[in-house]
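Here is how the chains run, residue by residue.
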Amino acid sequence: MPEVAEQTGEAARAGEEPVEPAAPVTEADPSAVSRLPRRRGRTTALIGGAAVLGVLAGGCTGYLIQADREPTKLSSLSQPTLSQAEGPAPEPLSAAQDRRVKTDGDLRKLLLKKPAGAKVADWASHDSWMTLGDLAELGDKPDETFSDLVSEEFRRAADTGWEIGGTYSVEVRLVQFRQEEALNASDSADSENSYQESRDGTKSWAVPGSDNGMVYADAKPETKPGYLPLYNAKAVAWRGDILMLIFVSDTKPIPKAKIMDLAERQVKKL
C-alpha cells in the first residue's frame, strides 16, 4: 500500500508518532460493527430541559401578571337587613296553636282531672310526678327496665289516679321522651299494642279522633288466690314525644264506653 507508507514516512519526518492504519471493515466481518461504542443522543435531553424551562417561565409570567392586577372583591357573607313590615308585631302562638307550648310546660297539667265524687288513690304519687326509678319498679325486672328507659331517652313522666267505690280504679300516665335518636313514643306505643293484641280474650277498638289510639278490654277476669276476680281495660296512644297510657280495673266487666270516654278526652288534651 504505497499511499499508507508514504503518509507514515511523512509523519516520521515531521517528528510525530506514526498512526496505525485502521483495519478495513469488510462485509465478511459483521461483528466489527457491534463493537463500536454507543453514543447517547443529546436531542432528548435538550427537549426535556426546554420543557422544564418553559414551565418555569410560564409560572413566573403568570405570577407577575396576577401581581400587577387589582385584587378581586369578594361578596359579603352577611345578608341585607330586612325591614319590619308596617303594623303591630305578630302575637306569639297560643298553646292551642303551638303544641310545644303545652308539651314543654308542666306535663301534669295535661293529665285528666279527677272526677267529682272520686277520691285520690292511695297508690298515686302525691305530686303526680313519676321518676325514672318509679317507672322501673313497675317492671318484672327493675334493673333491665331502668336500663331500657335510659336507652330510650326517657325525659319525664306524670301520673294521676283515683278510685270510685271500693273496687273501681283509674290510672292515667304520660311518659315523655327526648327523641334525639329515635321516635321512642311511637315505638313504645307499638310495643304496648303488640302485647295487648297477643293476650287471649281481649277485645280492642280504635279511638275516634286519633290516628293511633287503641283501647283494650278483658273479656275474662284476672284471678289470684285471696283476691276478688279483677277485670282490666287499657288505652294506648301517642302524640309527638308523649306516650299515653290509661289503666282501668274493676271487679265486674268494664264497659267499652267508660274506657273509650277516658281515652278520647285524654287524647284531646295532648
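You'll find the structure just up there.
Caption draft 1: Geometry of the overall build of the protein chain. The secondary structure content of the protein chain amounts to eight helices and eight strands. For the protein chain, buried positions account for 28% of its 270 residues. Here the contacts in the protein chain between residues at least 6 apart in sequence split such that 52% fall between residues at least 24 apart. When the accessible surface of the protein chain is summed, it comes to about 19,700 Å², and 55% of that surface belongs to carbon and sulfur atoms.

Caption draft 2: Region of the structure containing the layout of surface pockets. The computed volume of the largest pocket comes to approximately 1,400 Å³. Listed by contribution, the elements that provide at least two residues to the lining of the largest pocket are α6 (142–151), β4 (168–177), α7 (184–198), β6 (214–218), β7 (231–239) and β8 (242–250). With seven residues, α7 is the largest single contributor of residues to the lining of the largest pocket. When the residues that make up the lining of the largest pocket are grouped by side-chain class, the tally is 18 nonpolar, eleven polar and twelve charged. If you add up the space inside the second largest pocket, you get close to 180 Å³. Together, Gly209, Ser210, Asp211, Asn212, Ala237, Trp238, Arg239, Val267, Lys268 and Leu270 line the second largest pocket. Only β7 and α8 (256–269) provide two or more residues apiece to the lining of the second largest pocket. When the residues that make up the lining of the second largest pocket are grouped by side-chain class, the tally is four nonpolar, three polar and three charged.

Caption draft 3: Main features of α8. In this model, α8 (14 residues) spans 20 Å end to end at C-alpha, consistent with the 20 Å of a helix rising 1.5 Å per residue. At its buried positions, α8 is contacted by β3 (154–164), β4, β5 (202–206), β6, β7 and β8.

Caption draft 4: Layout of α7. The end-to-end C-alpha distance of α7 is 21 Å, a good match for the 21 Å that 15 residues give at a rise of 1.5 Å each. Buried within α7 are the following residues: Asn184, Ala185, Ser186, Ser188, Ala189, Asn193 and Gln196. Buried positions along α7 lie against β4, β5, β6, β7 and β8.

Caption draft 5: Main features of the environment of Glu222. Topologically, Glu222 is positioned in the loop between β6 and β7. The class of Glu222 is partly exposed, set by a relative accessible area of 37%. C-alpha of Glu222 to C-alpha of Asn232: the two residues are ten residues apart in sequence and 7.8 Å apart in space. Aside from chain neighbours lying at most four places away, what touches Glu222 is Leu228, Pro229, Leu230 and Asn232. Polar side-chain contacts of Glu222 include one of 3.1 Å to the side chain of Asn232.

Caption draft 6: Seen up close, the environment of Leu135. Along the polypeptide, Leu135 turns up in helix α5 (residues 132–137). Between the C-alpha atoms of Leu135 and Val175, which are 40 residues apart in sequence, the distance is 9.6 Å. Setting aside residues no more than four positions away along its own chain, Leu135 makes contact with Met130, Thr145, Leu149, Phe154, Ala157, Arg173 and Val175.

Caption draft 7: Quick peek at unusual backbone geometry. The backbone phi angle of Glu153 is positive, close to 60°, even though this residue is not glycine. Look at Gln179: it is not a glycine, yet its phi comes out positive at around 55°. As for its placement among the helices and strands, Gln179 is situated in the loop between β4 and α7.

Caption draft 8: Geometry of a negative patch on the surface. Taken together, the side chains of Asp134, Glu137, Asp143, Glu144 and Asp148 define an acidic patch exposed on the protein surface. No other element matches the three residues that α6 contributes to the negative patch. Turning to its location among the elements, Glu144 is positioned in helix α6.

Quick notes on the rules
- Note on numbering: residues in each chain are counted from 1, in written sequence order.
- Restriction of local features to residues with pLDDT of at least 70 applies here, the model being predicted, together with a cutoff of 80 or more for giving and counting side-chain atom pairs; totals for whole chains, interfaces and linings are based on all residues.
- As a convention, hydrogens and water are excluded, and side-chain values are obtained from all of the structure's heavy atoms.
- Counting from the N terminus, the helices are DSSP H or I runs at least four residues long and the strands are E runs at least two residues long.
- Each residue's exposure class comes from its accessible area (1.4 Å probe, protein chains only) as a fraction of the maximum for that residue type: buried when under 20%, exposed when over 50%, partly exposed otherwise.
- The contact rule is simple, with two residues in contact once any of their heavy atoms fall within 4.5 Å.
- Under the convention used here, a 1.4 Å probe and the Shrake-Rupley method define accessible areas, while residue burial counts only the protein chains that appear.
- Buriedness for pockets is judged along seven lines, at least five of which must meet protein on both sides within 12 Å for an open set on the 1 Å grid over protein atoms alone, while cavities are sets there where a 1.4 Å probe fits but cannot get out, and lining residues have an atom within 4 Å of a point.
- Grid points are joined across faces, edges and corners, and a volume is the space filled by probe spheres set on the points.
- Three residue categories are used. Nonpolar comprises Ala, Val, Leu, Ile, Met, Phe, Trp, Tyr, Cys and Pro, charged comprises Asp, Glu, Lys and Arg, and polar comprises the others, including Gly.
- A helix is expected to reach a length of 1.5 Å times the quantity of its residues less one.
- Polar contacts, as used here, are pairs of N or O atoms within 3.5 Å; protein pairs need one atom able to donate a hydrogen and one able to accept it. Residues neighboring in sequence count only if both atoms are side-chain atoms.
- Only residues whose relative accessible area exceeds 30% and that take part in no salt bridge are eligible for patches, with like-charged residues grouped when within 9 Å of each other and nonpolar side chains (Val, Leu, Ile, Met, Phe, Trp, Tyr) grouped when within 5 Å.
- We define a salt bridge as a contact between a side-chain nitrogen of Lys or Arg and a carboxyl oxygen of Asp or Glu at a distance within 4 Å.
- The convention is simple: Lys and Arg are positive, Asp and Glu are negative, and His and the chain ends are not counted.
- Here the site of a charge means atom NZ of a Lys, CZ of an Arg, CG of an Asp or CD of a Glu.

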